[in-house]
Amino acid sequence: MDGFFFDIAHPQECACFRCKADMLAQGLDPADVAQRKQSGMDVMYRFMDEMSAFVRSFDADATIFLQRRPCRPAPPPRQGHI
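Residue numbers restart at each chain and count upward from 1, following the sequence in its written direction. Side-chain atom pairs in this predicted model are given and counted only at pLDDT of 80 or more, local residue features only at pLDDT of at least 70, and totals for whole chains, interfaces and linings cover all residues. Calculation of side-chain values draws on the structure's entire complement of heavy atoms; hydrogens and water are dropped beforehand.

## So, the overall build of the protein chain
Okay, so step 1: For the purposes of this entry, the term helix denotes a DSSP run of H or I that reaches at least four residues, the term strand denotes a run of E that reaches at least two, and both are numbered from the N terminus. Within the protein chain, the secondary structure is distributed over 2 helices and 2 strands.
Okay, so step 2: All accessibility values rest on the Shrake-Rupley procedure with a 1.4 Å probe; residue burial counts only the protein chains present in the view. Total accessible area computed for the protein chain in this model is approximately 6400 Å², and 57% of it derives from carbon and sulfur atoms.

Here's what the structure looks like:
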């Protein structure tokens, strides 16, 4: 296998019973649009991590492409001593 292509992978703002339960378990408010959007991003990141691990369980060097995937925010810059 050379790689794996996931078509149109993108976050969803969802309020189904499973997503609501997941949000409540994390202390989030499913009625808050911004928190639903953040939860959708979190679900997408978990999906990306789980699918990448699954593909790499067959071939550690496989290329993985998720079309329209969200980019993770860059980590904050390190603060050093002046």
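## So, the pattern of salt bridges
Okay, so step 1: For this document, the term salt bridge refers to a Lys or Arg side-chain nitrogen within 4 Å of an Asp or Glu carboxyl oxygen. What the rule picks out here adds up to 2 salt bridges.
Okay, so step 2: In this structure, Arg 36 engages Glu 13 in a salt bridge whose closest nitrogen and oxygen atoms are separated by 2.7 Å. Of this pair, Arg 36 sits in helix H2 (residues 33-58) while Glu 13 sits in the loop between strand S1 (3-6) and helix H1 (17-25), placing them 23 residues apart in sequence.
Okay, so step 3: With a relative accessible area of 15%, Arg 36 lands in the buried category. Only protein chains enter the calculation, and the probe is 1.4 Å; a residue is then buried if its accessible area is under 20% of its type maximum, exposed if over 50%, and partly exposed in between.

## A word on H2
Okay, so step 1: By definition here, a helix of n residues has an expected span of 1.5 Å times n minus one. Taking 1.5 Å of rise per residue, the 26 residues of H2 would be expected to cover 38 Å, and the 38 Å separating its terminal C-alpha atoms lies within 8% of that figure.
Okay, so step 2: The complete set of buried residues in H2 reads Arg 36, Ser 39, Gly 40, Met 44, Tyr 45, Met 48, Ser 52 and Val 55.
Okay, so step 3: Each polar contact in these results corresponds to two N or O atoms within 3.5 Å; when the atoms are within protein, one needs to be able to donate a hydrogen and the other to accept it, and residues that are neighboring in sequence are counted only if both atoms are side-chain atoms. Where H2 begins, the side chain of Asp 32 points an oxygen toward the backbone nitrogen of Ala 34, at a separation of 2.9 Å.

## Some words on the nonpolar core
Okay, so step 1: Buried Ala, Val, Leu, Ile, Met, Phe, Trp, Tyr and Cys residues form a nonpolar core when they are joined through side-chain atoms within 4.5 Å. Core analysis: the largest hydrophobic core is formed by 9 residues, namely Phe 6, Ala 9, Met 44, Tyr 45, Met 48, Val 55, Ala 62, Ile 64 and Leu 66.
Okay, so step 2: For this core, the secondary structure elements donating two or more residues are H2 and strand S2 (63-66).
Okay, so step 3: The element that contributes the greatest number of residues to this core is H2, accounting for 4 residues.

## Considering the environment of Leu 66
Okay, so step 1: Structurally, Leu 66 can be placed in strand S2.
Okay, so step 2: Take Leu 66: its relative accessible area is 6%, and that puts it in the buried class.
Okay, so step 3: A C-alpha to C-alpha distance of 9.9 Å links Leu 66 and Met 51, two positions 15 residues apart in sequence.
Okay, so step 4: Among all residues touching Leu 66, those that are not within four sequence positions of it are Phe 6, Ala 9, Met 44, Phe 47 and Met 48. The contact definition used throughout considers only heavy atoms, calling two residues in contact when any of these lie within 4.5 Å.

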